[in-house]
Number of protein chains: 2
Amino acid sequence: MSILSIGTVAFDDIETPFGKSDKILGGSASFIGLSASLLAPKVNIVAVVGDDMPKAEIDMLKSNGVDTEGLQIKEGEKSFFWAGKYHNDMNSRDTLVTDLNVLANFDPVIPENYQDCKFLMLGNLAPATQKLVIERLKNRPELIVMDTMNFWMDTAFNDLMEVLAMIDVISINDEEARQLSNEYSLVKAARKIMSFGPKTVIIKKGEHGALLFQGNKMFYAPALPLENVFDPTGAGDSFVGGFIGYLAKNNDTSFAAMKKGILYGSAIASFCVEAFGTKRLENLTTEEVEARYHEFIRLVSVEEIYA
Amino acid sequence: MSILSIGTVAFDDIETPFGKSDKILGGSASFIGLSASLLAPKVNIVAVVGDDMPKAEIDMLKSNGVDTEGLQIKEGEKSFFWAGKYHNDMNSRDTLVTDLNVLANFDPVIPENYQDCKFLMLGNLAPATQKLVIERLKNRPELIVMDTMNFWMDTAFNDLMEVLAMIDVISINDEEARQLSNEYSLVKAARKIMSFGPKTVIIKKGEHGALLFQGNKMFYAPALPLENVFDPTGAGDSFVGGFIGYLAKNNDTSFAAMKKGILYGSAIASFCVEAFGTKRLENLTTEEVEARYHEFIRLVSVEEIYA
């Protein structure tokens, strides 16, 4: 089943305690496209770049199964640019530069070929832009998943609430869930967020795993304790990309499938953080993802499993 | 198999955002005794109180299966007293009062009846006192589990390292593991702590669950996301009490048993925080613990389980 992801294709300049990346490929649509395409046969992206984005990067996305017909290239303009520096604990970071550039006037045009979308992934963008994409699809997708961030809660709350009422699954981190719901308990936070629209709430807790809520059902996905986290950038996008990729691959939106999807997303995210930006995802194989998925299964199993 | 737990029987005065407890029963040996006795047939405790400790509290421990022959009562002296106030997030607290009282000169005398100890639980106390208990047992117990805290890392580091070399399992929280090992990654921290002596390391992460390390083996126990945490006091002691209680009940110290033991400990700890101090543990039933254990199993299972 085809996935459509809207998001950013951009430049990141990342500094971590392990080094500095210089200007490399980043953006939510890049990470989501690469991770989802490890599982699903076709991932279409709608995004915008300037003419400074090297053809080699776009070709890399294509060769990894990402369809770039929906990637607009604006002549004479510059791609979105973000620079940040992670603290020693890798759990927090300072944003040094945010240059919107082409993103300032992004109009998400959906190619006719993308209208068959069954699985829609709204990467982190202005809620108004996310809403436009839903409206421009002739048929409502079977499943709409959205990512967002606290910035939009602060600056575009009403737009965000409108989009929330239109979607099926929201994926946010614990701090954002608490801000959005004004509840400290994540159980209460999830319940309140469900009352805003989405039937399913995924709360990402970084090195502590992720929680999946749907009605009264709950699932706890562990994170794999890692020896080294080289660069956390894109981990959340890889996670949700793996999640929707798994659902699309199996054309299954049941709660049971979502539980497995979260573990696949966690598996891919655990690879993503091993190198700067998209580097590790670019050469990741489905066999590696499959093996890591089984590591997650074993990690929480009280029985001995040799699968 | 008999468990011997050394620790404190004390008074706590606790303030949380939900209320104030006034002076109630607390102390590591109280929590460990009550939780371990939910699973194991006999839990012996070695501790000291003043003559201000009401007989009713000691009788309550006895009626819950805790043997108090090793509980010294010092005439004319006062019991250990701790007062603290939890912050709104319940993850941090301020200590308002610490009156050592009888604990200042605590000499852990082991009754002859306790010498058959197979499972020794060293509750959080001065490492020198923990060491004395090991030395006063005529035969080395089959399994020695210890709890400690950052205070002893700061004030009695050499003593602590001596005890670490004598024990099998250490149970500490993530912050303490990082301090003890000087490693941020919990995988690296556990490996370093194992090099100090214990073959098994349990790292408690509060609302994020717990990790079990042994050699290259690793297990992730989730925490049950709770709607309300009323009082976190004693959660760590209940956790480790349930852990050693499960091992003693089954007379099994294998890694497989430890995985289940951690889930039983987590289950009992999740009840402990529902009320002030030991209140919830006092009337907790094994059926409730069993049901909560299965909730933990279901929480991380990708397959549907109806057990």
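Residues numbered from 1 in each chain as written. Chains lettered and ligands numbered in written order. Predicted model: local features only at pLDDT ≥ 70, side-chain atom pairs only at ≥ 80, totals over all residues. Heavy atoms only, no water.

A. Structural detail: the pairing of strand S1 (residues 3-6) of chain B. Residues and elements named next belong to chain B. Burial of the side chains of S1 extends over both faces: Ile3 and Ser5 are buried on one face and Leu4 and Ile6 on the other. Of the pairings in the sheet, the one linking S1 to strand S4 (residues 43-50) comprises four bridges and is parallel in character. Its bridge partner lying in S4, Ile6 is registered against Val46. (Buried < 20%, exposed > 50% of the residue type's maximum accessible area, 1.4 Å probe, protein only. Helix = DSSP H or I, 4+ residues; strand = E, 2+ residues; numbered from the N terminus. Pairing = 2+ DSSP bridges.)

B. Region of interest: the pattern of salt bridges. Under the counting rule described, the total for this entry stands at 30 salt bridges over all chains. Notably, a salt bridge pairs Arg280 of chain B with Glu274 of chain B, separated by 3.0 Å at the nearest N-O pair. For Arg280 of chain B, a relative accessible area of 16% corresponds to the buried category. Linked by salt bridges that have partners in common, Glu274, Arg280, Glu288, Arg292 and Glu295 of chain A make up one network. (Salt bridge = Lys/Arg side-chain N within 4 Å of Asp/Glu carboxyl O.)

C. Local environment of empty space enclosed by the protein. All names here are of chain B. By the definition in use, this model includes one cavity of 30 Å³ or more. Put simply, the largest cavity is a space of about 30 Å³. In terms of lining, the largest cavity is formed by Ile24, Leu25, Glu57, Phe276, Gly277, Thr278, Lys279 and Glu282. Those elements that provide at least two residues to the lining of the largest cavity are strand S3 (19-26) and helix H10 (279-282). Among the residues making up the lining of the largest cavity, the classes are represented as three nonpolar, two polar and three charged. (1 Å grid on protein atoms, 1.4 Å probe; cavity = no way out; pocket = protein on both sides within 12 Å on 5 of 7 lines; lining within 4 Å. Points joined across faces, edges and corners; volume = space filled by probe spheres on them. Nonpolar A, V, L, I, M, F, W, Y, C, P; charged D, E, K, R; others polar.)

D. Representation of the packing of aromatic side chains. In the structure shown here, the tally under the stated rule is 11 aromatic pairs over all chains. On the numbers, 4.1 Å between centres and 10° between planes, the contact of Tyr264 of chain A with Tyr293 of chain A is stacked. Taken together, the positions of Tyr264 of chain A in helix H9 (residues 255-272) and Tyr293 of chain A in helix H11 (residues 286-299) put the pair 29 residues apart, joining distant regions of the chain. Judged on exposure class, the residue Tyr264 of chain A and its partner Tyr293 of chain A are both buried. Consider the rings of Phe18 of chain B and Phe230 of chain B, whose centres lie 5.6 Å apart with planes at 20°: the pair is stacked. With Phe18 of chain B in the loop between strand S2 (10-16) and S3 and Phe230 of chain B in the loop between strand S14 (217-221) and helix H8 (235-250), this residue pair connects regions lying 212 residues apart in the sequence. (Phe/Tyr/Trp six-rings, centres within 6.5 Å; stacked < 30°, edge-to-face > 60°.)

E. Structural detail: the sheet that holds S2 of chain B. Residue and element names in this part refer to chain B. Within the open sheet, the four strands sit side by side as S3-S2-S7-S8. Their pairing is mixed. Sheet topology places S3 and strand S8 (93-99) at the edges, where each strand pairs with a single neighbour. Taking each pair of neighbouring strands and ignoring which way they run, the sheet shows an average axis angle of 15°. As paired strands, S2 and S3 are joined by six bridges and run antiparallel to one another. Looking across to S3, one finds that Asp13 is bridged to Lys23. (Axes fitted to C-alpha atoms, helices over the stretch in contact; angles between N-to-C directions.)

F. How the structure looks around the packing of helix H1 (residues 28-36) of chain A against helix H8 (residues 235-250) of chain A. Residues and elements named next belong to chain A. It is the contact of H1 with H8, at a shortest axis distance of 7 Å, that shows an interaxial angle of 40°. The angle between H1 and H8 places the two elements in the oblique class. Taken as a pair, H1 and H8 cross one another with a handedness that is right-handed. Contact residues: H1 offers Ser28, Phe31, Ile32, Ser35 and Ala36, while H8 offers Asp237, Ser238, Val240, Gly241, Gly242 and Gly245. Here the residues of the contact of H1 with H8 are counted per class, giving four nonpolar, six polar and one charged. (Parallel < 35°, antiparallel > 145°, perpendicular 65-115°, else oblique. Left-handed = near helix turned anticlockwise from the far one by under 90°. Contact = heavy atoms within 4.5 Å.)

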